[in-house]
Amino acid sequence: MALTKIDDRGLKTPIDLLDNEMIRLGDSADFKLYHDGSQSFLLETGTGPLNIKSSQVNIQAANGDNQINCIQDAEVQLRYDGVKKFETQPSGATVHGSLTITDDLYLQDNLVMGDTDEIQLGDSGDLKIYHDGTTNWFWAGGGHPTIHESS
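The text that follows walks through the structure, step by step, so that each part is easy to find. (Residues numbered from 1 in each chain as written. Predicted model: local features only at pLDDT ≥ 70, side-chain atom pairs only at ≥ 80, totals over all residues. Heavy atoms only, no water.)

## Concerning the sheet that holds strand β5 (residues 40-44)
Alright, step 1. Ordered in space as β3-β4-β5, the 3 strands form an open sheet in which the pairing is antiparallel. Looking at which strands have only one partner, the edges of the open sheet turn out to be β3 (22-25) and β5. The sheet shows a mean angle of 10 degrees between the axes of neighbouring strands, taken without regard to direction.
Alright, step 2. The pairing of β3 with strand β4 (residues 31-35) spans 4 bridges and is antiparallel. Residue pairing across strands places Ile23 opposite Leu33, the latter belonging to β4. (Pairing = 2+ DSSP bridges. Helix = DSSP H or I, 4+ residues; strand = E, 2+ residues; numbered from the N terminus. Axes fitted to C-alpha atoms, helices over the stretch in contact; angles between N-to-C directions.)

Next up, the structure:
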């Protein structure tokens, strides 16, 4: 391997390191960058946060699909197979597609839904609660309304 030379014009040759050889930075070499032959690592040993600064940061899969996009003064997007599934917005966040919650859901404000949007409860949607624009409906098992109330 040739030695890399640095002068006032920058590097004269690329930096080539073998597997498991590290670039170490900091007074205590507390930030490391290396590749072990199958994985690449950025290591920080607990001396502070790892900061990435740019007007836009994209984390991509090996095939080039964006997985996470962080856009300055705008949204953060999470993607699955390159398709946006979650994004932050000035008023909160939007989920594109279904949201599965595996534990309790606590709301600190109102649950707001449109006319004919249903709340379904039970493994088979046995209980449905909705408003059709005129009437409030509570459907329980068998598909028959058990209680309804005009608004």
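## So, the layout of surface pockets
The method is simple in principle: a probe with the dimensions of a water molecule rolls over the atoms, and the space it marks as empty is what remains.
Alright, step 1. Its volume calculated, the largest pocket comes out at about 300 Å³.
Alright, step 2. In terms of lining residues, the largest pocket is bounded by Leu99, Ile101, Leu105, Leu107, Leu111, Met113, Glu118 and Ile119.
Alright, step 3. When grouped by side-chain class, the residues that make up the lining of the largest pocket number 7 nonpolar, no polar and 1 charged.
Alright, step 4. Of the voids in this model, the second largest pocket is the one considered here, and its volume is about 210 Å³.
Alright, step 5. Looking at the second largest pocket, the residues that line it are Ser91, Gly92, Ala93, Thr94, Val95 and Leu99.
Alright, step 6. Looking at the lining of the second largest pocket residue by residue, the class counts come to 3 nonpolar, 3 polar and no charged. (1 Å grid on protein atoms, 1.4 Å probe; cavity = no way out; pocket = protein on both sides within 12 Å on 5 of 7 lines; lining within 4 Å. Points joined across faces, edges and corners; volume = space filled by probe spheres on them. Nonpolar A, V, L, I, M, F, W, Y, C, P; charged D, E, K, R; others polar.)

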